[in-house]
Every structure is written in C-alpha cells, then in structure tokens.
Amino acid sequence: MSSYRSFRDLDWGLLAIALTIASIGILQIYSATHDIAIWGSAWWKQVLYVAIGLALMWFIASIDYHTLLGQVPILYVITVLLLVVVLVSGKSIAGARRWIQLPGFLFQVSEFAKLMIILLVARFLTELRRDTLEVRELLKLGALVAVPWVLVQREPDLGTSLTYLPVLAVGVFLAGLRARYIIISAVLLVGVGWISYHHVLADYQRERIVSFLNPELDPRGSGYQVVQSKIAIGSGGMWGRGVTQGSQTQLRFLPVPHTDFVFATFGEEHGFVGVVVVLILYFWLLMQIVQNAQTAPDRAGMYICMGVASLLLFHLLVNIGMVVGLMPVTGIPLPLMSSGGSNMLSTFLMLGLVNNVRLRRFVN
C-alpha cells in the first residue's frame, strides 16, 4: 500500500471530530486560566500536546497492528517495569506518586499503559480461536490485567486503574463469555468492591465516595468540588455566560477548572446548548470508532477498535457523571478537553490504533 493511499485512507471524519473537540478544550482551558500566572501557559501547552499527538497518531498508524500485537509480551514487561519505577522513584505531587520526571514533561506511565492493555486483550482473545471463553482463560487474562492494575492502584491512582476494566469487560463479552460466567463475575466484582472499600482504598478515596452519596454533608471539605461544579453548570442556563464570563470559574470557586472539571466550566460558559453540541461530537467520535470496528479485516482489529471505544466511553461517563454529581470524584480526565499532556498523547495514540486498523481493512 503506497504512502499516498495510506494517507488518503485515514479516517478524516474521526480526525476532524477529535480536532474539533480538542480545539473547544483549548478555548475552555484558556478561558479558565488566562488570568492565573501559575496556569497561564496551560492553553498553549495543550496546543503543543495536540500537535505532538497528531504526529504520534500517524506514527502508530503507520506500523501494522499485527506487528504491534506480536510485540505485546515485550510491551507488557516494559510497562510493568516502568510502573514499578514510578512506585520506587517517581515524582510525587499532592501525596500521589504517578509520574516520571522528563525534561520539561511529566510522563504518566499509567496513561500509556492503556494502549498496552488494549493490545494485550486483543492478542489474547484473538489467539483463542473459538466462539466461547472458558473460566481458565478468563482468569488468566484477568491476572495479566490485574498486575498493572494493582501497580497503578498503589500509586495511588484509582481513576486511571479503573479505565483498564472496561477494555477487559468488553473484550471478554465480545469473545463469547457464557451467561453463568457473567453472573459469577458480577458477584465477584461486588465482593472485590466491598473488600476494596474497607481494606484497600485510602481515606481520601472513601471520603470521595461518601461525598458523592451526599456532598452536602461536607460542603466545604470533601463535597466542595461537586457542590461548586453543580452550581457552575446550573448557572450556565440555556446559552451560557460567555467565554471568560463564568462566575464560578473566574472567581475561583471551582478548583483546577482546566483539568478534571473542565466540563463544568464549559457548561457554565456555554450553557445547555453548548453541552449538547459537545455531547453530540463525542457520540459521533465513538460511532466512528465502532464503524471502524465493524469494517476491521479480522478479529484482532475489531478487538482493538472496541477496546478504544469502551475506554473512551468509560472516561466520558465517569467524568461527566462526576461533574454533575452522578459519579464519585475519581480524577478521570475528559478525553481531548482536559488539560494534560500524558492523557492527550495517549488518546491520540489510541485514535492512531483505530486508523491503523482502518488503513488495513482491504488487506487480505
């Protein structure tokens, strides 16, 4: 396949939607941080991350995804070793050790581990070559995913570790998990959740769950962000207050408005109409990815695309649910809109995997 044909056959609709959402995010980051010295550079850094993300997207799309699947064991070992390095000597911010310090950039390994999880699940399920998934295989795949999950949880980074689970869940569902195994898995998941709440989660994580159930119990403490977020969205009304005009955002009632709660600041300044437009764009983005899964040349390509779709959908549901008080505060960013380099680059890499599958949909 020639380079011209490959370039032409990219999913330009997917790319256009992603860039539109990213541009909206850059505008909102500027609006939320333009008069704060410590965050004043956030918007142009986001522009830089998008530019680098586009280059990485094309790079990973140019490598046959079958070649990437063949390197999964090596990628798995490298990812696990890097996560161990983070725990041992990573940079700590606000009590969390999640980053490796690079010149001018904080490298968050857990974000890039998402790509490895997607490729791992795709390779494992493709090699089964049968219509149903047995318990032994499910346990083996679950154990492989559990290793990076536990390491990320220990940072602690509950939000990012949770994003690995929908990739696993959608993969095994598409592989043909029997109904009784689904019921057993659901029961085990409830049990693990109960044990995690009482014996694994840190105090601040349990406080977030309590504040989610009733944020008004501590409106100046653990429930502060949710309360202020709901006020911000409500004050936006139908058309919003306008760029740089949101009271909750501009008067700093809403903490770090350009990262996890960027959707709340957007809702305040662009109102119900703006929120609906952005939600339509996200829906369109997900449908483009699902369409590429349907036209994938093999099961591996289908698993890759659906893994990306499930992970992005999980991000959307949890982040938007969080800012409107329907989900606990977990620190999961909004894809393509929240400020942050690692998440932006990993998102474009995932879109690169989708384009990778698309470029080879006519290859025998």
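Structure first, text after, so check above.
Bear in mind that the values here come from a model prediction, so they are computed numbers and not experimental data.

**What about the pattern of salt bridges?**
According to the stated counting rule, one finds four salt bridges in the structure shown. A salt bridge links Glu111 to Lys114, with the nearest nitrogen and oxygen atoms 2.7 Å apart. Here Glu111 pairs with Lys114, and both are found in helix H6 (residues 109-126), just three residues apart, close to one helical turn. Taking relative accessible area as the criterion, Glu111 reaches 3% and is therefore assigned buried. For Lys114, a relative accessible area of 1% corresponds to the buried category.

**Considerations on the side chain of Glu269**
Summarising the element assignment, Glu269 is placed in helix H14 (residues 262-294). Within the structure, the side chain of Glu269 is placed 3.2 Å from the side chain of Gln28, a separation counted as a polar contact. Once residues within four sequence positions are removed from consideration, Glu269 is found in contact with Gln28, Ser31, Trp239, Gly240, Arg241, Gly242, Val243, Thr244, Gln245, Gly246, Thr249 and Gln250.

**A few points about the sheet that holds strand S3 (residues 105-107)**
Spatial ordering of the open sheet is given by S1-S2-S3, a layout of three strands whose pairing is antiparallel. A strand with exactly one partner marks an edge of an open sheet, and here the two such strands are strand S1 (91-93) and S3. When strand polarity is set aside, the average angle formed by the axes of neighbouring strands in this sheet is 50°. Bridge count between strand S2 (residues 96-102) and S3: three bridges; the pairing is antiparallel. Its bridge partner being in S3, Gln101 is matched across the sheet by Leu106. Most of the contacts of helix H5 (residues 72-89) go to S2, to which it runs at about 105°, and overall it touches S1, S2 and S3.

**Brief notes about the packing of aromatic side chains**
Considering all chains together, one arrives at two aromatic pairs under this definition. An angle of 85° between the planes, with centres 5.9 Å apart, marks the rings of Tyr30 and Trp43 as edge-to-face. Taken together, the residues span a long stretch of sequence, with Tyr30 in helix H2 (residues 12-33) and Trp43 in helix H3 (residues 42-61) at a distance of 13 residues. The exposure class of Tyr30 is partly exposed, given its relative accessible area of 36%. A centroid spacing of 4.9 Å and a plane angle of 25° characterise the contact between Phe107 and Phe112, whose relative ring orientation is stacked. On the basis of relative accessible area, Phe112 is assigned to the buried category, the value being 18%.

**Some remarks on the layout of surface pockets**
Computed from the structure, the second largest pocket encloses a volume of approximately 430 Å³. As for the second largest pocket, its lining consists of 18 residues, and the residues nearest its centre are Leu75, Phe112, Leu115, Met116 and Leu349. Broken down by secondary-structure element, the contributors of at least two residues to the lining of the second largest pocket are H3, H5 and H6. For the lining of the second largest pocket, the element with the highest residue contribution is H6, accounting for six residues. Of the residues contributing to the lining of the second largest pocket, the split by class is 16 nonpolar, two polar and no charged.

Analysis parameters
Residues numbered from 1 in each chain as written. Predicted model: local features only at pLDDT ≥ 70, side-chain atom pairs only at ≥ 80, totals over all residues. Heavy atoms only, no water. Salt bridge = Lys/Arg side-chain N within 4 Å of Asp/Glu carboxyl O. Helix = DSSP H or I, 4+ residues; strand = E, 2+ residues; numbered from the N terminus. Buried < 20%, exposed > 50% of the residue type's maximum accessible area, 1.4 Å probe, protein only. Polar contact = N/O pair within 3.5 Å; in protein donor to acceptor, adjacent residues only side chain to side chain. Contact = heavy atoms within 4.5 Å. Pairing = 2+ DSSP bridges. Axes fitted to C-alpha atoms, helices over the stretch in contact; angles between N-to-C directions. Phe/Tyr/Trp six-rings, centres within 6.5 Å; stacked < 30°, edge-to-face > 60°. 1 Å grid on protein atoms, 1.4 Å probe; cavity = no way out; pocket = protein on both sides within 12 Å on 5 of 7 lines; lining within 4 Å. Points joined across faces, edges and corners; volume = space filled by probe spheres on them. Nonpolar A, V, L, I, M, F, W, Y, C, P; charged D, E, K, R; others polar.

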